Structure formats: C-alpha cells, structure tokens
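Listed below are the residues making up each chain.
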Amino acid sequence: MAVQKILYDCDPGHDDAVALMLAAGSPELELLGVTIVAGNQTLDNTGRNACHVLQWLGREEIPVYTGCERPMVRDRVTAGDIHGETGLDGPVFPPLRKRPEPEHAVRFLVRTLMSSQGDVTVVTSGPMTNLAMALRMEPAAAEKIRRIVLMGGSYTNGNVTPAAEFNILADPEAAHVCFTAGRPVTMIGLDVTRKVLCYPEIVERMARADTCASRLFVDLMGHFCRTQKEVFGWEGGPLHDPVTIASLLDPALVVTKPMNVRIDLSHGESYGRTNCDAFGYLGLPATADVAVDIDVPRFWDIIETGLRRYSETGKQA
Ligand code: BDR
Ligand code: CA
C-alpha cells in the first residue's frame, strides 16, 4: 500500500496521545503535521501535551500547530473528569523543550491542503473546530481533502449527554460544517470505540513491549482506565481515538455502513447528537460511512505493533 499522507487534528487527551504514537510511528503514514484544538482541556494544555508526547517519543521534528481556543458558536466544554487538570494526567514528563510552531493551525491546514495534490486524509479526534474554520476560511480547501476520518458521534448513546458524544457536543456547528463539506467522511463513533476496552490484561500485554511508547501507554492507561471506571463503570477504558489511525493502517479493521448523518444543532436536549439514518428511513443520500463494527483482536495487534516500533528509550532526557 502507498504511504498515506495525513493531517492529524487532536486535543490530547489520553486516547489522542495513543493515536499520536501510532500516527507518528507508522511508516505507512506520512504525518504532515499535528494540529491542536481545545477540547479535553484548554488549548494551552492540549498543545503542551502533544509536544510532551512527541518529545518523549523522540519525534520532535514533527511540527505541532495550535489552533482554536473556543468552539465556533457554543461555550467551551472540557473533559477534566476523564483526562484530569492537565488533560494528560498520569505520566510524569521531563522538562519540555519542544514548542508549537508560530503559525496558527487553521492557516497551516489551509496552506497544506491548498498546496497538496488532493491526496491528504484529515483525521480528527477532538472537536472539529480547526477543520471547520479552515473550510470557512478557504472553501476551495475542501476539494483537496481526500477523506475526513473522525472519532466522534454515536448512533446509540452519547457520553456527555444521553444524545451526544463529546467531540461533537463540544462544537456541533463545526461538525456540521465538516459533514456538509461535500467530501467523503468516515465517522468512527462510540458505537465501535466502546468495543475496544483497555482491560488490565491489555495493559500488561503492552507493558511487555518495553519501549518508550509502551511505558507511556501504561502510564496513560493508569489514569484513563481509573477515571473511565469512576465515570462510566467500565472495567477497561474505551480507547476511542486510535481507532481512526488504526483504520488507515488496516482498511478491513472497521466495518462501515453509508448513512445520512445530520448533526442536531437545535441547542435543545439533543444538541450535538449525530442523527444517523441507519435504515434509510428518510430516503436521503448517504453523507458518511459510519463505523458499525470493529475487529477487536486485530485492533490490539495494531496497537502492540505500533508501540513496539519505538526504541527502548526514546529521547526522554
Ligand atoms: C472523545 O472525547 C474525548 O474525551 C476523547 O479524547 C475522545 O476523542 C470520546 O468521546
Ligand atoms: Ca480526543
């Protein structure tokens, strides 16, 4: 398979951090840049966290761009109950050398897409504010996107309200802009990411890889799995965001179904819900390929391979 060019927009976040490890360490992917949005925590925190992770992995050359501090319309929400005060509570990192680039993430997205050959996949695992703003700033950038692959939404229950999943609820208007941009969309929602629960035996398995990445994984999951248990009662934390990157590495990993998807923008009790017409009741054209199933053992194999691709030490010092 040819190397796939990707832009990765995220709000690290424990599961974003694992996705970042996978994206930065996979030779099948060319990671053109990491763009950062406020979501799980404030922009200062999520930007710092991305830099910490890349520095820890010895991948400081991968550029990080910080973007939007706030959603397009609604008030900001964060997920401190899951990800802690820093957004990445748990691991202890050495002093930070790596800094975000001076260019704003939205400008970087526009610049990179416009100078591309239309061969870039944009992966998002946070609120979709940066991508939506890029599409508003330069509408012609849409044509340059090969596909949008997002972690977000749900056709079953939400995880912030009964109706809505965090990444969509945190900026529903941005999600609407992205879903209606006329580009292919793969929506990887809670319906499948709740199937990849990181049970203690999975953490033990990854620990045996004994690389800088696997040690970080263990520290991240220590916090994440505890808060997921406290908030949702899961015995293992659902490792939402890495499913996006893993699905690029193995196109057979996730089963999708074309559906008409509309974001609830009513500002009522279902604000931010992804209304997915799984049975085609509305007779409307499909607007997204929605993930409906995942090969769970294969997912953990991909994660383990990704963690083993790093050296024992990284560049922690
Ligand atoms: C999503 O919300 C965030 O807390 C996670 O990082 C993930 O992207 C799951 O709803
Ligand atoms: Ca995230």
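This text gives an overview of the structure that appears in the document. Just so it is clear, the structure is predicted and the values come from calculations on it, not from any experiment. (Residues numbered from 1 in each chain as written. Chains lettered and ligands numbered in written order. Predicted model: local features only at pLDDT ≥ 70, side-chain atom pairs only at ≥ 80, totals over all residues. Heavy atoms only, no water.)

### Some thoughts on the overall build of the chain
So, step 1. For the chain, the count of helices and strands is 12 helices and 12 strands.
So, step 2. Taken against the 2.2 N^0.38 rule, which gives 20 Å for 317 residues, the C-alpha radius of gyration of the chain at 18 Å falls within 12% of a compact globule.
So, step 3. Summarising its shape, the C-alpha atoms of the chain cover approximately 55 × 45 × 40 Å along the three principal directions.
So, step 4. Every one of the 317 residues in the chain was classed for burial, and the buried ones make up 59%.
So, step 5. For the chain, long-range pairs separated by at least 24 residues make up 84% of all intrachain contacts whose partners lie at least 6 apart in sequence.
So, step 6. In the form shown here, the chain has an accessible surface area of approximately 12400 Å², with 51% of it arising from carbon and sulfur atoms.
So, step 7. The distance from the centre of the 30 positive side-chain charges to the centre of the 40 negative ones in the chain is 4 Å. (Helix = DSSP H or I, 4+ residues; strand = E, 2+ residues; numbered from the N terminus. Rg over C-alpha atoms; globule rule 2.2 N^0.38 Å. Buried < 20%, exposed > 50% of the residue type's maximum accessible area, 1.4 Å probe, protein only. Contact = heavy atoms within 4.5 Å. Areas by Shrake-Rupley, 256 points an atom, 1.4 Å probe, with all protein chains shown as cover. Lys, Arg positive; Asp, Glu negative; His and termini not counted. Charge placed at Lys NZ, Arg CZ, Asp CG, Glu CD.)

### Comments concerning the site of ligand 1
So, step 1. Looking at ligand 1, there are 13 residues lining it, with Asp15, Asn40, Asn159, Glu165 and Asp241 nearest.
So, step 2. A distance of 3.0 Å separates an oxygen atom of ligand 1 from a polar atom in the side chain of Asp16.
So, step 3. Within the side chain of Asn159, an N or O atom sits 2.8 Å from an oxygen atom of ligand 1.
So, step 4. For ligand 1, whose accessible area on its own is 280 Å², the fraction buried by protein is 96%.
So, step 5. Elements supplying a minimum of two residues to the shell around ligand 1: α1 (14–25) and α6 (166–169).
So, step 6. Within the shell around ligand 1, the residues separate by chemical class into three nonpolar, six polar and four charged. (Near = heavy atom within 4 Å. Polar contact = N/O pair within 3.5 Å; in protein donor to acceptor, adjacent residues only side chain to side chain. Nonpolar A, V, L, I, M, F, W, Y, C, P; charged D, E, K, R; others polar.)

### What to know about the coordination of the calcium ion (ligand 2)
So, step 1. Coordination of the calcium ion (ligand 2) by the protein involves Asp11 (OD), Asp16 (OD), Asp16 (OD), Ser125 (O) and Asp241 (OD), with metal-donor separations of 2.2 to 2.5 Å.
So, step 2. Between the donor residues of the calcium ion (ligand 2), the gaps in sequence give the motif D-x4-D-x108-S-x115-D. Separated by 109 residues along the polypeptide, Asp16 in helix α1 and Ser125 in the loop between β4 (120–124) and α5 (129–137) bring together distant segments of the chain. For the pair Asp16 and Ser125, a shared accessibility class is recorded, and that class is buried. (Donors = N, O, S within 2.8 Å, 3.2 Å for Na, K, Ca; no water.)

### Considering empty space enclosed by the protein
In this approach the atoms are scanned with a rolling probe the size of a water molecule, which exposes any empty space left behind.
So, step 1. Summed over the entire model, instances satisfying the criterion amount to one cavity of 30 Å³ or more.
So, step 2. As a volume, the largest cavity reaches approximately 60 Å³.
So, step 3. Around the largest cavity sit Ala38, Gly39, Cys68, Glu69, Arg70, Pro71, Arg76, Val77, Pro127, Thr129 and Ala170, which together line it.
So, step 4. Looking at side-chain class alone, the lining of the largest cavity contains six nonpolar, two polar and three charged residues. (1 Å grid on protein atoms, 1.4 Å probe; cavity = no way out; pocket = protein on both sides within 12 Å on 5 of 7 lines; lining within 4 Å. Points joined across faces, edges and corners; volume = space filled by probe spheres on them.)

### Considering the side chain of Thr274
So, step 1. By the secondary structure assignment, Thr274 is in strand β11 (residues 274–276).
So, step 2. A polar contact is formed between the side chain of Thr274 and the backbone oxygen of Ser154, at a distance of 2.8 Å.
So, step 3. Residues within four places of Thr274 in sequence aside, it is in contact with Gly153, Ser154, Ile168, Met187, Val261, Arg262 and Ile263.

### What to know about the side chain of Glu173
So, step 1. Its location among the elements puts Glu173 in helix α7 (residues 172–179).
So, step 2. For Glu173, which is buried and forms no salt bridge, the nearest opposite charge comes from Arg74, at a distance of 6.7 Å.
So, step 3. Once residues within four sequence positions are removed from consideration, Glu173 is found in contact with Met72, Val73, Arg74, Leu265, His267 and Tyr271. (Salt bridge = Lys/Arg side-chain N within 4 Å of Asp/Glu carboxyl O.)

### Brief notes about the state of the cysteines
So, step 1. Within this structure, the stated rule accounts for zero disulfides.
So, step 2. Unpaired in this structure, Cys198 has its nearest cysteine sulfur neighbour in Cys225, at a distance of 4.6 Å.
So, step 3. Classification of Cys198 by relative accessible area gives buried; the value is 1%. (Disulfide = S-S within 2.5 Å.)

### Description of the pairing of β4
So, step 1. Most of β4 sits inside the fold, with five of its five residues counted as buried.
So, step 2. Sheet topology places strand β1 (residues 4–10) next to β4; five bridges connect them, and they run parallel. In the strand pairing of β4, Leu7 is matched with Val122.
So, step 3. Across five bridges, the pairing between β4 and strand β5 (residues 145–151) is parallel. By the bridge assignment, Val123 is partnered in β5 with Val149. (Pairing = 2+ DSSP bridges.)

### Some remarks on the packing of helix α10 (residues 212–232) against helix α12 (residues 296–308)
So, step 1. Interhelical geometry of α10 versus α12 gives an angle of 125° and a closest axis separation of 7 Å. Taken together, α10 and α12 sit at an angle that is classed as oblique. Contacts between α10 and α12 involve Ala213, Ser214 and Phe217 from the first element and Trp300, Ile303 and Leu307 from the second.
So, step 2. Classifying every residue of the contact of α10 with α12 gives five nonpolar, one polar and no charged. (Axes fitted to C-alpha atoms, helices over the stretch in contact; angles between N-to-C directions. Parallel < 35°, antiparallel > 145°, perpendicular 65-115°, else oblique.)

Worth remembering: the numbers are spatial, not functional.
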